[in-house]
Amino acid sequence: LELSDLKNYPNSNKDIDLDKMKIRITTLRKNAHLTQEKLSKKLNITRSLISKYETNTNLILTIYLKEYSKFFSISSDYITGKIDTLTELKTLVKN
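Residues numbered from 1 in each chain as written. Predicted model: local features only at pLDDT ≥ 70, side-chain atom pairs only at ≥ 80, totals over all residues. Heavy atoms only, no water.

Draft legend 1. Spotlight on the packing of aromatic side chains. Taken as a whole and judged by the stated rule, the model has three aromatic pairs. An angle of 45° between the planes, with centres 6.3 Å apart, marks the rings of Tyr53 and Tyr64 as tilted. One end of the pair, Tyr53, is in helix α3 (residues 47-54); the other, Tyr64, is in helix α4 (residues 62-72), and 11 residues separate them in sequence. The class of Tyr53 is buried, set by a relative accessible area of 2%. (Phe/Tyr/Trp six-rings, centres within 6.5 Å; stacked < 30°, edge-to-face > 60°. Helix = DSSP H or I, 4+ residues; strand = E, 2+ residues; numbered from the N terminus. Buried < 20%, exposed > 50% of the residue type's maximum accessible area, 1.4 Å probe, protein only.)

Draft legend 2. Highlighting helix α2 (residues 36-43). Gln36, Leu39, Ser40 and Leu43 are the residues of α2 that are buried. The buried residues of α2 occupy an angular sector of 105° when projected down its axis, which confines them to one face. Across from the buried face of α2, at angles greater than 90 degrees, the exposed residues are Lys41 and Lys42. Against α1 (18-31), α3 and α4 lie the buried residues of α2. (Arc of directions from axis to C-beta. Contact = heavy atoms within 4.5 Å.)

This is how it looks when you write it as structure tokens:
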């Protein structure tokens, strides 16, 4: 789930798009019908930290980006706005 090499995605951005990331992590949570509180318990982080990620008050730490990716089975490159194609993870993620 590491941020990918750009050569894998011909139309990708090398930079994180903070506006897209904020929208995507909020949308993922809402589409799963989870409150910030419920998601925080599932990811073992505080609700206030999730709120800060969703408002771009704090930049998401790599360890939590990995947890979001695993929990939602979505590429971290999609979450960070590096690619626009929703890529679901098909393989088992190892810690």
